[in-house]
Amino acid sequence: WLERCRKSHPLCNGATNTEKPPTRLIDIASNEPRLCLGGELKGSIEYSTLSHCWGSPDPSNATLGKNNIGSFLYRIPQNALPKTFREFIQISRFLGIKYVWIDSLCIVQDDEEDWKAESARMTNVYGEALLNVAAAGAVDGNVGCFFERSKTWRCQAKISVKHQEMAEFFPFHFQKLLTETPLASRGWTLQERILPRRAVFFGQTQVFWECNELQACEIFPNRYPTEIRPEKLWPITTKGWKNIVASYSRCSITFSRDKLVALSGLARLMHQESGIEYVAGLWRKNLESQLRWQPTHSTSRRERPAVYRAPSWSWASIDGSI
């Protein structure tokens, strides 16, 4: 999929800004991964990103902090990496990618200023990656990307005794497999699915592929049949924005204060492409029609955070689906 995309998909191979890579990357070319500073890397840099569920904090797992950033520039202990990180590195090495980006190892976790600066750069971090690898089936970092599973769900059968033609059968719920993963329920990961030019998803039952020109999976490696083709990702336009935020509002987010931050990468990209002013989760152009949002039946209008987050006319002012 990756090779085909790089060779024959014009929409996936536009100009990138890879000569200005992320602030920090992880060099995985040698046996021991190590942190490196993007500004010190020479030439065009290709890297992969990881999209994953954090889950409950595990103190045994390494994260980047003020106290260990110096030692991480020499080596990151592999035995301190959760299973998902190790398997992500394995996948990237298999694909010949020498650098990776992982949020908890490339953003200083105990430095609020660094977190604010880096979270504002998600548009470039994910948008300019060669590939995003999504640990779609894992609820936390200890589950990993690879699962024990059936080799295939493909089933062929004759539907007529008079004809030799074989018909393809697949589970009825097939098209929901990617949208109902643990990863899809997390708010931060929505923009991580839309921003990259190409992504591979490791689910509990099979591997999925999405890029600007192709949606495929193990059962249908060339392309989904038209009859079951899943809904395409929403365009990053003012018209598509309402679908983005409606889907986003159904996702869970650990810290209420991150409600708008976790969508800021998409907002930044849309502003760059349209020039329209962004106002607390809505857009200045045609603002009146966007004020028609309403909570779903499962959401109370009174479900507002204790700490101010957005004006009351913004959907971001409430917790719950809209």
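Since this is a predicted model, take the numbers as computed values, not measurements. (Residues numbered from 1 in each chain as written. Predicted model: local features only at pLDDT ≥ 70, side-chain atom pairs only at ≥ 80, totals over all residues. Heavy atoms only, no water.)

Q: I would appreciate a short explanation of the environment of Gly38 in the present structure.
A: Mapped onto the fold, Gly38 is located in the loop between strand E2 (34-37) and strand E3 (47-51). Distance in space between the C-alpha atoms of Gly38 and Glu277 is 30 Å, their sequence separation being 239 residues. For Gly38, the residues in contact, after removing those within four places along its chain, are Pro21, Pro22, Thr23 and Arg24. (Helix = DSSP H or I, 4+ residues; strand = E, 2+ residues; numbered from the N terminus. Contact = heavy atoms within 4.5 Å.)

Q: Honestly, helix H9 (residues 264-274) in this entry has me stumped. Any pointers?
A: Think of an α-helix as 3.6 residues a turn; residues three or four steps apart then line up on the same face. For H9, the set of buried residues is Gly265, Leu266, Ala267, Leu269 and Met270. If you follow the buried residues of H9, they end up packed against helix H6 (122-127), helix H7 (188-194), helix H8 (238-249), strand E11 (278-279) and strand E12 (282-283). Taken from the residues just after H9, Gly275 is the one with a positive phi, measuring 75°. (Buried < 20%, exposed > 50% of the residue type's maximum accessible area, 1.4 Å probe, protein only.)

Q: Just to check I follow, could you spell out the nonpolar core for this structure?
A: If you look at soluble globular proteins, the nonpolar side chains tend to sit buried side by side. Core analysis: the biggest nonpolar cluster contains 72 residues, and Ile26, Trp101, Trp241, Leu263 and Trp315 have the highest contact counts within it. A domain-level breakdown of this core finds at least three residues from each of domain 1 (1-150 + 170-231) and domain 2 (234-321). Residues in contact with Ile26, not counting those within four places in the same chain, are Pro33, Arg34, Leu35, Cys36, Ile76, Lys98, Tyr99, Val100, Ile102, Leu105 and Cys106. If you look at the next biggest cluster of nonpolar residues, it comprises 14 residues, including Ala136, Ala199, Ile219 and Phe220. (Core = buried A, V, L, I, M, F, W, Y, C linked by side-chain atoms within 4.5 Å. Domains from an automatic or database assignment.)

Q: Explanation requested: the pattern of salt bridges in the structure shown.
A: Note that side chains of opposite charge can pair when their charged atoms are close. With the rule as written, the count across this model stands at 12 salt bridges. For Asp114, the salt bridge is made with Arg24, and the minimal N-O distance between the two is 3.0 Å. With Asp114 in helix H5 (residues 112-119) and Arg24 in strand E1 (residues 24-27), this pair connects stretches of sequence that are 90 residues apart. Arg24 sits in the buried class, given a relative accessible area of 9%. Linking Arg149 and Glu218 is a salt bridge whose minimum nitrogen-to-oxygen distance equals 2.9 Å. Of the two residues, Arg149 is situated in the loop between strand E5 (131-134) and strand E6 (155-158) and Glu218 in the loop between strand E10 (215-217) and H8; the sequence distance between them amounts to 69 residues. (Salt bridge = Lys/Arg side-chain N within 4 Å of Asp/Glu carboxyl O.)

Q: Could you clarify how one ought to interpret the domain arrangement of the chain in this entry?
A: Put simply, an interface is often sized by how much accessible area is lost when its parts join up. Entries for the chain in the domain assignment read domain 1 (1-150 + 170-231) and domain 2 (234-321). Each of domain 1 and domain 2 has a C-alpha centre, and these two points are 25 Å apart. Regarding the contact of domain 1 and domain 2, the summed buried area is about 1500 Å², with carbon and sulfur atoms giving 59% of it. The tally of links between domain 1 and domain 2 comes to zero salt bridges. Across the domain 1-domain 2 interface, the total number found is nine residue pairs in polar contact (both at pLDDT 80 or more). Only H5 and H7 provide two or more residues apiece to the side of domain 1 that touches domain 2. Here the residues of the side of domain 1 that touches domain 2 are counted per class, giving seven nonpolar, five polar and two charged. (Buried area = accessible area lost by both parts, 1.4 Å probe. Polar contact = N/O pair within 3.5 Å; in protein donor to acceptor, adjacent residues only side chain to side chain. Nonpolar A, V, L, I, M, F, W, Y, C, P; charged D, E, K, R; others polar.)

Q: I tried to follow the packing of aromatic side chains on my own but got confused; where do I start?
A: We describe a pair of aromatic rings using the distance from one ring centre to the other and the angle between the two ring planes. As enumerated under the stated definition, the model contains eight aromatic pairs in all. Between the aromatic rings of Phe146 and Phe202, the centroid separation amounts to 5.7 Å while the plane-to-plane angle is 75°, which identifies the pairing as edge-to-face. Highlighted residues: Phe146 in the loop between E5 and E6 and Phe202 in strand E8 (residues 198-202), separated in sequence by 56 residues. Between Trp241 and Tyr278, the aromatic rings sit 6.2 Å apart at their centres with planes inclined by 85°, giving edge-to-face as the arrangement. Here Trp241 is found in helix H8, whereas its partner Tyr278 is found in strand E11, with 37 residues between them in sequence. Using a relative accessible area of 27% as the deciding quantity, one classes Tyr278 as partly exposed. Among the aromatic residues, those joined into a ring-pair cluster are Trp241, Tyr278 and Trp283. Between the NZ or CZ atom of Arg257 and the centre of the ring of Phe255, over which it lies, the distance is 4.4 Å. (Phe/Tyr/Trp six-rings, centres within 6.5 Å; stacked < 30°, edge-to-face > 60°. Lys NZ or Arg CZ within 6 Å of the ring centre and 35° of its normal.)

Q: Is there a simple way to think about H5 in this case?
A: Considered for burial, the residues of H5 that qualify are Asp114, Glu118 and Ser119. Viewed end-on, H5 has its buried residues packed into an arc of 120°, placing them on one side of the element. Structural note: H5 exposes Glu112 and Glu113 on the side pointing more than 90 degrees away from its buried face. Residues of H5 that are buried in the fold lie against E1, H6, H7 and H9. Of the residues that open H5, the one with a side-chain oxygen 3.1 Å from the backbone nitrogen of Glu113 is Asp111. (Arc of directions from axis to C-beta.)

Q: Even after reading the chapter, I still don't get the sheet that holds E2, so can you show me in this structure?
A: Taken in spatial order, the eight strands line up as E2-E1-E4-E3-E5-E8-E9-E10 in an open sheet, and their pairing is mixed. Since the sheet does not close on itself, it has two edges, and those belong to E2 and E10, each with one partner. On average, each strand axis in the sheet is tilted by 30° relative to the strand beside it, whichever way the strands run. The sheet contact formed by E8 and strand E9 (residues 207-211) spans five bridges and is antiparallel. Residue pairing for E9: Val200 is matched across the bridge by Trp209. The strands that helix H3 (residues 83-94) touches are E3, strand E4 (99-101), E5 and E8; relative to E3, the one it contacts most, it runs at about 150°. (Pairing = 2+ DSSP bridges. Axes fitted to C-alpha atoms, helices over the stretch in contact; angles between N-to-C directions.)

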